[in-house]
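Breakdown of the fold
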Amino acid sequence: MPREMINYKKAKDCAVLLQALAEPTRLRIIDLLLTGKKNVTDLARDLNIEMANVSVHLRVLRQAGLVLNEKHGRQVEYSLHPDYFPDAEAASADFGWCRIEIYAEE
């Protein structure tokens, strides 16, 4: 049985998600969010970069739909979108047509 070819829309949707991840700091943010919700201050401290830079990267991830934000008064917490990261323990993202695995350094 021949494999079904991916349609253009699925390929484009997957490419948008992969493009959002195609930056080292954004991959590091995803890795940190695998452990649970975090705010910009936590992320900036853990990444050792300016809060403004973290905010820019979070905006890209949020616009791609990979990250969700939840307001608690003045504080905003960020988490991974469960549609793409259904099991944080597995450290993988499922984009439908494509899937990525996230491994820690050994």
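Worth saying up front: this structure is predicted, and the values here are computed from it rather than measured.

**Describing helix H2 (residues 24-33)**
Along H2, the residues that are buried comprise Thr25, Arg26, Ile29, Ile30, Leu32 and Leu33. An end-on view of H2 places all buried positions within 165° of arc, on one side of the element. Structurally, H2 contributes buried residues whose contacts are with helix H1 (8-21), strand S1 (38-39), helix H3 (40-47), helix H4 (51-63), strand S2 (67-72) and strand S3 (75-80). The opening residue of H2 is Glu23, an N-cap whose side-chain oxygen sits 2.6 Å from the backbone nitrogen of Thr25.

**With respect to the pairing of S3**
Examined bridge by bridge, S1 and S3 share two bridges and lie antiparallel to one another. In the sheet register, Asn39 faces S3, and the bridge partner there is Glu77. Where S2 meets S3, six bridges bridge the pair, whose relative direction is antiparallel. Across the sheet, residue Lys71 finds its bridge partner in S3, namely Val76. Connecting S2 to the next strand, S3, in antiparallel fashion are two residues, including Gly73 with a positive phi near 70°.

**Considering the packing of H2 against H3**
As a packed pair, H2 and H3 sit with axes 11 Å apart at the nearest point and diverge in direction by 115°. For the pair H2 and H3, the sense of crossing is right-handed. Contacts between H2 and H3 involve Thr25, Arg28, Ile29, Leu32 and Leu33 from the first element and Leu43, Asp46 and Leu47 from the second. Looking at the contact of H2 with H3, its residues break down into five nonpolar, one polar and two charged.

**Quick notes on the sheet that holds S1**
Taking strand neighbours across the sheet as the criterion, the three strands line up as S1-S3-S2 in an open arrangement whose pairing is antiparallel. Among the strands making up the open sheet, the edge pair consists of S1 and S2.

**Overview of the nonpolar core**
Residues Leu66 and Val67 are the most contacted members of the largest nonpolar core, which totals 28 residues. The set of elements that each furnish at least two residues to this core consists of H1, H2, H3, H4 and S3. Residues contacting Leu66, with those up to four places away along its chain left out, are Leu17, Ala20, Leu21, Leu61, Ser79, Leu80, His81, Tyr84, Phe85 and Phe95.

**Here's the deal with the confidence of the model for the chain**
Predicted confidence across the chain gives a mean pLDDT of 86, with 87% of residues reaching 70 or more. Per-element confidence in the chain ranges from a low mean pLDDT of 74 for strand S4 (residues 92-94) to a high of 97 for H3.

**Observations concerning the pattern of salt bridges**
If you walk through the whole model with that rule in mind, you get four salt bridges. The closest approach of N and O atoms between Arg45 and Asp42, which form a salt bridge, is 3.5 Å. Placement of the pair is Arg45 and Asp42 together in helix H3, with a separation of three residues, close to one helical turn. The shortest N-O distance in the salt bridge between Arg45 and Asp46 comes to 3.2 Å. Looking at Asp46, the relative accessible area reads 34%, which means it is partly exposed. Because the salt bridges share partners, they merge into one network encompassing Asp42, Arg45 and Asp46.

Definitions and cut-offs
Residues numbered from 1 in each chain as written. Predicted model: local features only at pLDDT ≥ 70, side-chain atom pairs only at ≥ 80, totals over all residues. Heavy atoms only, no water. Buried < 20%, exposed > 50% of the residue type's maximum accessible area, 1.4 Å probe, protein only. Helix = DSSP H or I, 4+ residues; strand = E, 2+ residues; numbered from the N terminus. Arc of directions from axis to C-beta. Contact = heavy atoms within 4.5 Å. Polar contact = N/O pair within 3.5 Å; in protein donor to acceptor, adjacent residues only side chain to side chain. Pairing = 2+ DSSP bridges. Axes fitted to C-alpha atoms, helices over the stretch in contact; angles between N-to-C directions. Left-handed = near helix turned anticlockwise from the far one by under 90°. Nonpolar A, V, L, I, M, F, W, Y, C, P; charged D, E, K, R; others polar. Core = buried A, V, L, I, M, F, W, Y, C linked by side-chain atoms within 4.5 Å. pLDDT = per-residue confidence, 0-100. Salt bridge = Lys/Arg side-chain N within 4 Å of Asp/Glu carboxyl O.

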